[in-house]
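# Chains, contacts and geometry: an overview
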Amino acid sequence: MKIPATLALSAALACTTQVSAEDLRSSRHSISYHTVDVQGLKVFYREAGRADAPTVLLLHGFPSSSRMWEPLLPLLADKYHLIAPDYPGFGLSSAPPPSGFNYTFDNIAAVIGELTIKLGLTDYVLFMQDYGGPVGFRMALAHPERVRAIVIQNAVAHEQGLSPLWEARRKYWADPARELEALKANFTSLEATRQRHLGSSPHPERYDPDAWTDEYAFLTRPGQAEIQTTLFLDYRTNVASYPKWQDWLRKTRPPTLVVWGKYDPSFTVAGAKAYHDDVPDAEVHMLEAGHFALDEATDEIASLVRDFLARLDGRKG
C-alpha cells in the first residue's frame, strides 16, 4: 500500500524530532539555587552537578553575577560539581551600604572563602572571569592547597592586559571626587555596559540585548552607585598585587587554561598571552568573543573546559 506523502512527511519529521531530543545533553535538572549566611550577609549561590564530583568554583565579573555562568552550568554538570556565588553587593546576595560592609576585594575574597568552608569545599578548580580574578587569586594565595587548577576567562594579572580605557579609571583612583562623573561614563553608563559585551565583535547580532539592559538595571538600583564606585576605588590594589600573583603562578605552576574573548574592550589579548610567561605549560585559547565570552562562545568554552578538566582528573588519578 502506498503511504500518502503527507503521512510520510509527518513520520520523517517525528523521527527527526526524536533523534534531536535524544542528542540533547542538558543537565539543568541538577541546577539549584541557595542562600547561606556568611558573616551576617546573605550570600546567594548556584549549584549544579553531584556533590561528590570534582568541584569547580566559578567567580563572576563586573557588573554581572553568578547568572553569567547559567549557560555553562548544564554543559558541565554531568561530570562536575559547580558552585557559582554572587559577591556581596552583587546579584541576589546582600548589598549593604558601604557604611555596613567594607567593599574591598580582600573582604569579598574572605566572604567567598568562608562560603567554601561552610559548603565543605576542600579542593576545587578556580574558574575566574574579570572581578573573579582578583577574588580568586586572593583565595589561591591564602589557601594554595585547595586549588587544583585555574581557568581564566578575561581576567587580568598583568599590566599589559589593561586597555587604553583604563587611563580614565586610573584618573579616578588618583582623584575620585573630581573624576567620578568621568568614571561613570567610562564604566557604569548604559553605553559602557553595552560596549563591555559587544567590544569590537564583528557579529553584534549574536548578542542578547537583555545581557546589558539587565546589568544596567542592576547598576541603577538604589545604593549601587556608591557600592560599585567604592569597590572600584579598591581595584587599584589589584594592579599593585599583580607581581605577587605572578610570583605565585611561577612558583606553583598550577594547571592553567586561558579562554579569552579577543574582542574585549577592557582587557587586551596581550593580557591572555602574558600567562605563558608565568606558566609556560598554560593552554591559551583566543576566542571569537568579547569580554563575556560565554555570550558568543558557550559551546567552545564548554568543550575546552571539559577537555582540560578530564585531563586534569587523569593526572590526579
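For the structure itself, consult the block above.
Nothing here was measured: the structure is a model prediction, and the numbers come from that model.

### Section: the overall build of the chain
Within the chain one finds 13 helices and 8 strands. For 317 residues, the compact-globule estimate of 2.2 N^0.38 gives 20 Å, and the C-alpha radius of gyration of the chain, at 21 Å, lies within 12% of that figure. Here the C-alpha coordinates of the chain stretch approximately 85 × 45 × 40 Å along the principal axes. The contacts of the chain with a sequence gap of at least 6 include a subset with a gap of at least 24, amounting to 76%. Accessible surface, the chain: about 14100 Å² in total, of which carbon and sulfur atoms supply 55%. Considering the chain, the positive charge centre built from 32 side chains and the negative charge centre built from 39 side chains are found 2 Å apart.

### So, the nonpolar core
Ranked by size, the top nonpolar core spans 57 residues in total, and within it Tyr131 and Tyr235 carry the most contacts. Discounting residues that sit within four places of it in the chain, tyrosine 131 has contacts with His60, Gly61, Phe62, Tyr87, Phe90, Phe105, Phe187, Leu231, Phe232 and Tyr235. Of all hydrophobic cores here, the second largest spans 32 residues; its members include Leu58, Tyr80, Ala293 and Leu304.

### Notes on the pattern of salt bridges
Any two side chains of opposite charge can pair if their charged atoms end up close together. In the structure shown here, the tally under the stated rule is 16 salt bridges. Ionic pairing is found between aspartate 52 and arginine 50, a salt bridge with its closest N-O pair at 2.9 Å. A salt bridge links arginine 311 to aspartate 307; the shortest N-O distance between them is 2.8 Å. Of this pair, arginine 311 and aspartate 307 both sit in helix α13 (residues 298-316), separated by 4 residues, roughly a single helical turn. Look at the salt bridges and you will find they share partners, linking Glu283, Asp307 and Arg311 into a network.

### Describing the side chain of glutamine 246
Relative to the elements of secondary structure, glutamine 246 occurs in helix α10 (residues 236-252). Judged by relative accessible area, which is 14%, glutamine 246 ranks as buried. Sequence-distant contacts of glutamine 246, defined by excluding residues within four places in its chain, comprise Ala157, His158 and Asp278.

### Brief notes about the side chain of serine 266
Looking at where serine 266 falls in the secondary structure, it is placed in the loop between β7 (256-261) and α11 (269-273). Among residues more than four places away in sequence, those in contact with serine 266 are Gly161, Leu162, Ser163, Leu165, Trp166 and Arg169.

### Overview of α10
Relative to the 24 Å expected for 17 residues at 1.5 Å per residue, α10 spans 25 Å between its end C-alpha atoms, a close match to the ideal helical length. The principal kink in α10, of about 45°, is found at tyrosine 242, preceding the proline proline 243 by one to four residues. Those residues of α10 not exposed but buried are Asn238, Val239, Ser241, Tyr242, Trp245, Gln246, Trp248 and Leu249. Buried positions along α10 lie against α3 (105-118), α4 (132-142), β6 (147-153), α5 (166-174) and α12 (275-278). Just past α10, the residue arginine 253 takes up positive phi, approximately 45°.

### A few points about the sheet that holds strand β3 (residues 55-59)
Pairing within the open sheet is mixed, and its 8 strands lie in the order β1-β2-β4-β3-β5-β6-β7-β8. The open sheet terminates on both sides in strands that have one partner only, identified here as β1 (32-38) and β8 (283-287). Across the sheet, the mean angle separating the axes of adjacent strands is 20° when strand polarity is ignored. Across the sheet, α4 lies against β3, β5 (124-129) and β6, angled at about 150° from β5, the strand it touches most.

### Quick word on the packing of aromatic side chains
Tallied over the full model, the rule gives 23 aromatic pairs. Judged by centre distance (5.8 Å) and plane angle (40°), the ring pair of tryptophan 166 and phenylalanine 232 falls under tilted. Here phenylalanine 232 lies in helix α9 (residues 224-233) and tryptophan 166 lies in helix α5, a separation of 66 residues in the sequence. With relative accessibility at 1%, the residue phenylalanine 232 sits in the buried group. In this arrangement the basic side chain of arginine 194 is found over the ring face of tryptophan 212, its NZ or CZ atom lying 5.9 Å from the centre. The positively charged end of arginine 196 is found above the aromatic ring belonging to phenylalanine 187, 5.3 Å away from the centroid.

### Structural notes on unusual backbone geometry
Each neighbour pair has its own omega, and for phenylalanine 62 with proline 63 the value is -5°, a cis peptide bond. Among the structural elements, proline 63 can be located in the loop between β3 and α2 (73-76). The backbone phi angle of glutamine 39 is positive, close to 55°, even though this residue is not glycine. Secondary-structure assignment places glutamine 39 in the loop between β1 and β2 (41-48).

### Brief notes about α3
Since the α-helix packs 3.6 residues into each turn, any two residues three or four apart lie on the same face. A rise of 1.5 Å per residue sets the reference length of α3, with its 14 residues, at 20 Å; its end C-alpha atoms lie 20 Å apart and thus fit the reference within 8%. Within α3, the full set of buried residues consists of Phe105, Ile108, Ala109, Val111, Ile112, Gly113, Leu115 and Thr116. Positive backbone phi, at 70°, marks glycine 120, one or two positions downstream of α3.

Procedures and definitions
- The numbers attached to residues start from 1 for each chain and follow its sequence in the written order.
- Since the coordinates come from a predicted model, pLDDT governs what is reported: local features require at least 70, and pairs of side-chain atoms require 80 or more to be given and counted, while whole-chain, interface and lining totals use all residues.
- With hydrogens and water excluded, all non-hydrogen atoms of the structure serve as input to the side-chain values.
- Numbering of helices and strands runs from the N terminus, with a helix taken as a DSSP run of H or I at least four residues long and a strand as a DSSP run of E at least two residues long.
- Radius of gyration here is computed from C-alpha atoms only, and the compact-globule reference equals 2.2 Å multiplied by the residue count raised to the power 0.38.
- Contacts were defined at the residue level, with two residues in contact if any of their heavy atoms lie within 4.5 Å.
- In this description, accessible areas are obtained by the Shrake-Rupley approach with a 1.4 Å probe, and a residue is regarded as covered only by the protein chains that are shown.
- When charges are counted, Lys and Arg are positive and Asp and Glu negative, with His and the chain ends excluded.
- To locate a charge, take atom NZ for lysine, CZ for arginine, CG for aspartate or CD for glutamate.
- The criterion is simple. A nonpolar core is a set of buried Ala, Val, Leu, Ile, Met, Phe, Trp, Tyr and Cys residues joined through side-chain atoms within 4.5 Å.
- Think of it in three bands: with a 1.4 Å probe and only protein chains considered, a residue is buried below 20% of the maximum accessible area for its type, exposed above 50%, and partly exposed in between.
- By definition here, a salt bridge exists when the distance from a side-chain nitrogen of Lys or Arg to a carboxyl oxygen of Asp or Glu is within 4 Å.
- The length a helix should cover is 1.5 Å for every residue beyond the first.
- What is called the bend at a residue is the angle between a pair of axes, fitted to the seven residues leading up to and ending at it and to the seven starting from it.
- Two strands are counted as paired when DSSP detects at least two bridges linking them.
- Axis definition: a line fitted to C-alpha atoms, over the contacting stretch in the case of helices. Angles run 0 to 180 degrees between N-to-C directions.
- Only Phe, Tyr and Trp rings are paired, with Trp represented by its six-membered ring, and only when their centres lie within 6.5 Å; those with planes under 30 degrees apart are stacked, over 60 edge-to-face, the remainder tilted.
- In this analysis the charged atom, NZ for Lys or CZ for Arg, is taken to sit over a ring once it is within 6 Å of the ring centre and within 35 degrees of the ring normal.

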